[in-house]
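Structural features, examined
Here's the letter readout for the chains.
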Amino acid sequence: MNVYFIVEGRRTEKKVYPVWLSHLIPNLQRVTYSFEAKENNYYLFNGNGFPALLHNHLRNSIEEVNDLANYNYLVLVLDVD
């Protein structure tokens, strides 16, 4: 299973999500580049805040996931504030 995460924030999410995921799904290993995902990997993309995430990066990430065809899930994480 490979998961592509798109997170909204610029700084905190890049620190918190890898630690959180290591506890929740310890068999998933982070890759630096999206194309490196093979098996039981995840890629964490930083959307640089709202609205840039929705206006620019979401569409590009969807296209990238479709082109690579090695991801099982695309997860969009938005803040509630």
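Above this note sits the structure.
Residues numbered from 1 in each chain as written. Predicted model: local features only at pLDDT ≥ 70, side-chain atom pairs only at ≥ 80, totals over all residues. Heavy atoms only, no water.

1. Regarding the overall build of the chain
To keep things clear, this is the line we draw: Helix numbers and strand numbers start at the N terminus; a helix is a DSSP run of H or I with at least 4 residues, a strand a run of E with at least 2. C-alpha atoms define the radius of gyration in this analysis, and the globule rule sets the expected value at 2.2 Å times the number of residues to the power 0.38. Accessibility here uses a 1.4 Å probe with only protein chains present; expressed as a share of the type maximum, an area under 20% marks a residue as buried, one over 50% as exposed, and anything in between as partly exposed. Note on definitions: a residue-residue contact is assigned when non-hydrogen atoms from the two residues lie within 4.5 Å. The Shrake-Rupley method, run with a 1.4 Å probe sphere, supplies the accessible areas, and residue values consider only the shown protein chains as cover. Note that His is not counted, nor are the chain ends; the positive residues are Lys and Arg, and the negative ones are Asp and Glu. Lys charges are placed at NZ, Arg charges at CZ, Asp charges at CG and Glu charges at CD.
Counting its regular elements, the chain contains two helices and four strands. For the chain, the sequential pattern of α-helices and β-strands runs β-α-β-β-α-β. Against the 2.2 N^0.38 benchmark of 12 Å for 81 residues, the chain shows a C-alpha radius of gyration of 12 Å, consistent with a compact globule. Seen through its principal axes, the chain has C-alpha atoms that stretch 30 × 30 × 20 Å. Across the 81 residues that make up the chain, the buried fraction comes to 38%. Restricting the contact set of the chain to residue pairs at least 6 apart, pairs at least 24 apart contribute 73%. For the chain, the exposed surface amounts to about 5400 Å²; the carbon and sulfur share of it is 52%. Each charge class in the chain was averaged separately, 7 positive and 9 negative side chains, and the resulting centres sit 8 Å apart.

2. Considering a positive patch on the surface
The test is simple: The residues that make up patches have over 30% relative accessible area and no salt bridge, and they are joined within 9 Å when like-charged or within 5 Å when they are Val, Leu, Ile, Met, Phe, Trp or Tyr. Salt bridges are counted wherever a side-chain nitrogen of Lys or Arg sits within 4 Å of a carboxyl oxygen of Asp or Glu.
Judged by side-chain charge, R10, R11, K14, K15 and R30 come together as a positively charged surface patch. Structurally, the position occupied by R10 is in the loop between strand 1 (2-7) and helix 1 (12-24).

3. Some thoughts on the nonpolar core
Spelled out, the test is: Put simply, buried Ala, Val, Leu, Ile, Met, Phe, Trp, Tyr and Cys residues joined by side-chain atoms within 4.5 Å make one nonpolar core.
Counting 10 residues, the largest nonpolar core consists of Y4, I6, V31, A37, Y43, F45, L53, L58, V65 and Y71. At the level of secondary structure, the elements contributing two or more residues to this core comprise strand 1, strand 3 (41-46) and helix 2 (52-68). In terms of residues, this core owes the most to one element, helix 2, which gives three residues. Once residues lying within four places of it in the same chain are set aside, the contact partners of Y71 are N2, V3, Y4, V31, S34, A37, Y43 and V65. Judged by nonpolar contacts, the second largest core, of nine residues, contains Y17, L21, L28 and V77.

4. Observations concerning the environment of K38
With respect to the helices, strands and loops of the structure, K38 is situated in the loop between strand 2 (29-30) and strand 3. For the pair K38 and P26, spaced 12 residues apart in sequence, the C-alpha separation works out to 16 Å.

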